[in-house]
Structure formats: structure tokens, C-alpha cells
Amino acid sequence: MRLLLLACLRAQTGNATTAGRLRDHLEAVGHICSLKDAFGYENPSEIANLISAEKFEAALAIHLYKAGRLLQGSRIPFGIIFGGTDINEDVKHEEKHRVMGAVLEEARFAVAFTEKMKQLAAAEWPDARNKIYIQTQGIMTTPSATFNWKRFLQNAGIPQDAENLRLFLLICGLRRIKDPLYLVDIFSEWHRREPHIHLVIIGPAYTKRFENELEWKINLEQVDTQFTSEVNEKVNRTPGVHLLQEIPQDDLHAAVKRCFAVVNSSISEGMSAAILEAMDLDVPVLARNIPGNAAIIQHKVTGLLFTDPQEFVQLSKSLMNDPTLEREIVTKAKAYVKKHHSWDCEREAYQNLVLRLQ
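This text gives an overview of the structure that appears in the document. Remember, predicted model here, so these are calculated numbers, not experimental data.

**Some details on the sheet that holds strand S5 (residues 109-112)**
Thought 1: With parallel pairing, 6 strands are arranged side by side in an open sheet as S2-S1-S3-S4-S5-S6. The sheet is open, and its two edges are formed by strand S2 (32-37) and strand S6 (132-134), each paired on a single side. Averaged over neighbouring strand pairs, the angle between their axes works out to 20 degrees when direction is ignored.
Thought 2: In terms of strand pairing, strand S1 (residues 2-7) meets S2 through 6 bridges, oriented parallel. Among the inter-strand pairings, Arg-2 is bridged to a residue of S2, identified as Ile-32.

See the structure below:
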């Protein structure tokens, strides 16, 4: 089939990574997939013209509102993959809620990353319950063997001769929903007392395939320039906190392996691939205690969940001072990802689901 895959492809969202992975899954069984950025279209009529011009036979949309709204009244069958902020945040807005309900009614199926996400959606649109499937994100990590750690530290402005370096990595786009400044002040206070402690905030990874596509290059622009400026200004005057641009996925995975821990401070999450990738790479995770994170982290078993910045520091210190706890968490987290986030299982699930669009 000729498939339209509609998603928010700008670099600051996890939807882009998911879209690229789904395209690979579907093209592996002979489908022709065309990725299009939802932000490039204003309304359903523009997508209808695109469908006619490129002779698409079916469509998949990642994010019930941002992408799904463009498929309203579509002449071709389509499925929806919930993004996270659609179910966690957009449902609070009356007009968006109405639009998403209409889109879900037309969709052949919808996919939720977690049982919790399915239940939230089903509570809003009870008639859609039976068409919502649960499929966790599939994870595959590929750390680069040629990654230059010294250059990474140099780019971040971290002294390479620092003894007992403890580097925490926050992987996120500079978006308010990701709250990248949440831990900055307390981290800087901690750094002043213990100069070997550093926090690096880095943009999400991009893949080589996207890097070579014009549409992806266009969307590497900053999403919220005002907020980006706020983050840059804050970080520039905060010792112990560093900001880096996106790097290729293989290099990011290699950087994760060299860090002490990966951090997530988001206000809302669907399912964080960065958390799951850290687990797969044998690196402990400290994440803000929100539903999306609590769905994939069992506190003090597969990771650590904090409710405020002070608890973050407390839990971090306990992890640093207890190598046994660190080993136990890393081992159980790796086993969890292997069991519940199989890349092969995700591939098979979407290859089967797309048959419902024939």
C-alpha cells in the first residue's frame, strides 16, 4: 500500500523519532511510506489534495489532535497513534476535545503506548474503547563505537580533568512541557558544593536518514524561540549546567553510556524513549513522578521517581552512595525493557495493524 504517515516532524518532539521507526517497520514488508509534517498543513482540505495528488491508499497519524485533525473527512482509511500530550493535555480544551472525538470516531483503530493512556482516552470517548490497542514503544539502542567523549565534554564546557566526574544527562527539546529548567537552580547549588557534579541538557537525537531529507532540515528550527532564549540565558549564568544541540542518535546513545544517570523533568509524557533507551544501555534513570513516567518506572526497582527538586538531589546522592542499589536498578530496568519494549514485537504489531486499513 501507499501509506501517508502524518506526524509532527520537527526536531523538538519525540513524535518524529516514532514516525521514522514506524516507517522502517512498514517499509520492511513492502509498503511505500511517505512521511509528512503535520505543521506544514493548515486544514483537512490540504491533506485531501495531497492524498489525491500522491495517490495514497491509507494513512497513519501520530498525535490525535495535531496530525489527526487533518484527516477529518478523509476519503481513505486511517489509524491513529496517540502522542501523549493529546490525551494528557489537549483533552482539557473544549474545541480540541470535540475535534479529537470526531477523528477517533472515523479512525479504523487507535494505538496507546500504555494501559493508563488507553483508559484515559476511553474515559473521554467511551464508544472508541474497543478500537484502542495497547502497543508499547519498541526500543533498539546503537551506541557509536567511534564516539568522541572528550570532544563531547569540551563542547559542553566541562573540564576533562575533573576527578570523579558525575554527569547527569537531560534529553529533551526546549519546550515548556519538558520543563528543562526545573532542576537547574538546585543542580547549580549542588555543583557549588561538589564541583564534579554536572547537568547536561541536550536536544533529542536525529537519525542520519532524517538529516538527509529537506523536510526534516526545514523543521530543525527552534519551536519556541522566546523559551529557547530563556533557557539559553538561564544556563549561561548557571554554573554546573550545560546546554548542547542535538547530536546523531548513535552518538547520543554512546554519550548516555558514559553518563552517571539520565534525567527526565517533564510536566507531561506519553512514553519517553530517552528513559527506555537509558534503561537498555544500563544507565540509571531519575524521572519526575508523573503518570507517563510512573507507567514505565517502578520506584527503587527499575528507576527513581522524584516529586520535587530537593527529592531529586536526595535520591541522586543515595544512588551515588549505594553501588548495590545502582546495580540492582540497572539490571532490573534492562530486563524490563527487554521483556516489555521489544523492537521486534512493535514491528510485528504495526505490520499487522496496518492490514486493517486495506
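**Focus on the layout of surface pockets**
Thought 1: Space inside the second largest pocket adds up to approximately 200 Å³.
Thought 2: As for the second largest pocket, its lining consists of Thr-146, Phe-147, Asn-148, Arg-151, Phe-152, Asn-155, Ile-202, Leu-244, Ile-247 and Asp-251.
Thought 3: In terms of residue count, helix H6 (residues 149-156) provides more of the lining of the second largest pocket than any other element does, 3 residues in total.
Thought 4: The class makeup of the residues in the lining of the second largest pocket is 5 nonpolar, 3 polar and 2 charged.

**Examining the sheet that holds strand S11 (residues 285-288)**
Thought 1: Judged by pairing direction, the sheet is parallel, and its 6 strands sit side by side in the order S9-S8-S7-S10-S11-S12 without closing on themselves. Strands with a single pairing partner mark the edges of an open sheet, and in this sheet they are strand S9 (241-244) and strand S12 (304-306). Averaged over all pairs of adjacent strands, the angle between their axes in this sheet comes to 25 degrees, without regard to strand direction.
Thought 2: Taken together, the 3 bridges between strand S7 (residues 166-171) and strand S10 (residues 261-264) define a ladder with parallel strand orientation. When the sheet's bridge partners are listed, Leu-170 is paired in S10 with Val-263.
Thought 3: Contacting S7, strand S8 (197-202) and S9, helix H7 (residues 184-193) runs over the sheet at an angle of about 150 degrees to S8.

**Topic: the pattern of salt bridges**
Thought 1: Within the structure shown, the criterion is met by 10 salt bridges.
Thought 2: A salt bridge links Lys-96 to Asp-90, with the nearest nitrogen and oxygen atoms 3.5 Å apart.
Thought 3: For Lys-96, a relative accessible area of 26% translates into the label partly exposed.
Thought 4: Of the charged contacts, one joins Lys-234 and Asp-185 as a salt bridge, the two residues approaching to 2.8 Å between their closest N and O atoms. One end of the pair, Lys-234, is in helix H10 (residues 225-236); the other, Asp-185, is in helix H7, and 49 residues separate them in sequence.

**Side note on H7**
Thought 1: What H7 keeps buried is the set Val-184, Ile-186, Phe-187, Ser-188, Trp-190 and His-191.
Thought 2: Looking at the buried side of H7, the elements it contacts are S7, S8, H10, S9 and helix H14 (309-320).

**Re the nonpolar core**
Thought 1: Grouped together as the largest cluster of nonpolar side chains are 91 residues, with contacts concentrated most on Phe-82, Phe-152 and Leu-169.
Thought 2: Considering each element in turn, this core owes the most residues, 6 residues, to helix H12 (residues 273-280).
Thought 3: Leaving out residues up to four positions away in the same chain, Phe-82 has contacts with His-63, Leu-64, Ile-87, Leu-104, Ala-110, Val-111, Ala-112, Phe-113, Met-117, Ala-121 and Ile-132.

**Observations concerning unusual backbone geometry**
Trans peptide bonds make up the majority, and among non-glycine residues the majority have a negative phi.
Thought 1: Look at His-63: it is not a glycine, yet its phi comes out positive at around 100 degrees.
Thought 2: Position of His-63 relative to the elements: it lies in the loop between strand S3 (58-62) and strand S4 (78-81).
Thought 3: Classification of His-63 by relative accessible area gives buried; the value is 1%.
Thought 4: If you check the backbone angles, Asp-179 has positive phi at about 45 degrees while not being a glycine.
Thought 5: For Asp-179, the location among the structural elements is in the loop between S7 and H7.

Cut-off values and rules
Residues numbered from 1 in each chain as written. Predicted model: local features only at pLDDT ≥ 70, side-chain atom pairs only at ≥ 80, totals over all residues. Heavy atoms only, no water. Pairing = 2+ DSSP bridges. Helix = DSSP H or I, 4+ residues; strand = E, 2+ residues; numbered from the N terminus. Axes fitted to C-alpha atoms, helices over the stretch in contact; angles between N-to-C directions. 1 Å grid on protein atoms, 1.4 Å probe; cavity = no way out; pocket = protein on both sides within 12 Å on 5 of 7 lines; lining within 4 Å. Points joined across faces, edges and corners; volume = space filled by probe spheres on them. Nonpolar A, V, L, I, M, F, W, Y, C, P; charged D, E, K, R; others polar. Contact = heavy atoms within 4.5 Å. Salt bridge = Lys/Arg side-chain N within 4 Å of Asp/Glu carboxyl O. Buried < 20%, exposed > 50% of the residue type's maximum accessible area, 1.4 Å probe, protein only. Core = buried A, V, L, I, M, F, W, Y, C linked by side-chain atoms within 4.5 Å.

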